[in-house]
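Residue-level structure breakdown
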Amino acid sequence: MRSLHPLRTISIALLLILGVACTDQESAEQAMVRQAIAIEQADECHLCGMIISNFPGPKGESYNKSSDTVSKFCSTRDLFSFVLQPENKRQVKEIYVHDMSKTPWQRPEDEYFINAREAWYVIGSEKKGAMGKTLGSFAKKADAEVFIDEFGGKLYSFEDISIDVL
């Protein structure tokens, strides 16, 4: 049996170590995905400071890449106003909103948080949230369309929403 050259052996070892390290880093990043948490009675909106539970309509939560702390918002409008700010846009990792097809508008239930990036939004409906107009959020496009038929508004995907749209 022929022996390997020492440099070739070292190179192979380094590649194996690098491969394991990358796999471990990817697994660690996947494990870092956080979930939405319950909005407590005294929680304040990260953007405006109002008591979140005092208002109807969908709420939001976000985590940034460098912290385990959740930022909670009294409305989807405040959530987007925060998330779309240039200094926050690249820092936000997870974003959650209520699926309003499954929970009452007046008191959204926290077990119905969904990934905000996959949700559909209705802007301009007659339904109000904290501080007036808000974005109705839905897991399914069909549910958002049913909402529009009843309460008006226009349908948007997450990617379609900008500061100008707000």
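For the structure itself, look to the data block above.
Residues numbered from 1 in each chain as written. Predicted model: local features only at pLDDT ≥ 70, side-chain atom pairs only at ≥ 80, totals over all residues. Heavy atoms only, no water.

**Here we look at the pattern of salt bridges**
Under the defined criterion, the tally for this structure stands at 1 salt bridge. Residue Asp 43 is joined to Lys 72 by a salt bridge in which the shortest nitrogen-to-oxygen separation is 2.5 Å. Of this pair, Asp 43 sits in the loop between α1 (6–31) and β1 (60–64) while Lys 72 sits in strand β2 (residues 70–73), placing them 29 residues apart in sequence. Owing to a relative accessible area of 19%, Asp 43 belongs among the buried residues under this scheme. (Salt bridge = Lys/Arg side-chain N within 4 Å of Asp/Glu carboxyl O. Helix = DSSP H or I, 4+ residues; strand = E, 2+ residues; numbered from the N terminus. Buried < 20%, exposed > 50% of the residue type's maximum accessible area, 1.4 Å probe, protein only.)

**Observations concerning helix α2 (residues 76–83)**
In an α-helix, one turn spans 3.6 residues, which is why side chains three or four residues apart end up on the same side. In terms of burial, α2 is a largely internal element, 6 of the 8 residues being buried. When α2 is considered as a whole, its buried residues turn out to be Thr 76, Asp 78, Leu 79, Phe 80, Phe 82 and Val 83.

**Notes on the sheet that holds strand β6 (residues 132–138)**
Pairing within the open sheet is antiparallel, and its 3 strands lie in the order β6-β5-β7. Of all strands in the sheet, those with a lone pairing partner are β6 and β7 (154–157), marking the two edges. Averaged over all pairs of adjacent strands, the angle between strand axes in this sheet comes to 45 degrees, irrespective of strand direction. Of the strand pairs in this sheet, strand β5 (residues 120–129) and β7 are connected by 4 bridges, and their pairing is antiparallel. The partner of Val 122 across the bridge, within β7, is Leu 155. Strand contacts of α2: β5 and β6, with the helix running at about 85 degrees to β6, the strand carrying the most contacts. Sheet strands in contact with helix α4 (residues 141–151) are β5, β6 and β7, and its direction is about 35 degrees off that of β5. (Pairing = 2+ DSSP bridges. Axes fitted to C-alpha atoms, helices over the stretch in contact; angles between N-to-C directions. Contact = heavy atoms within 4.5 Å.)

**Some words on the pairing of β6**
Within β6, 5 of the 7 residues are buried, leaving the element largely enclosed by the surrounding structure. Inspection of the sheet shows β5 paired to β6 by 6 bridges, in the antiparallel sense. Each bridged residue has a counterpart across the sheet, and for Ile 123 the counterpart in β6 is Leu 135.

Honestly, it's all geometry; don't read function into it.
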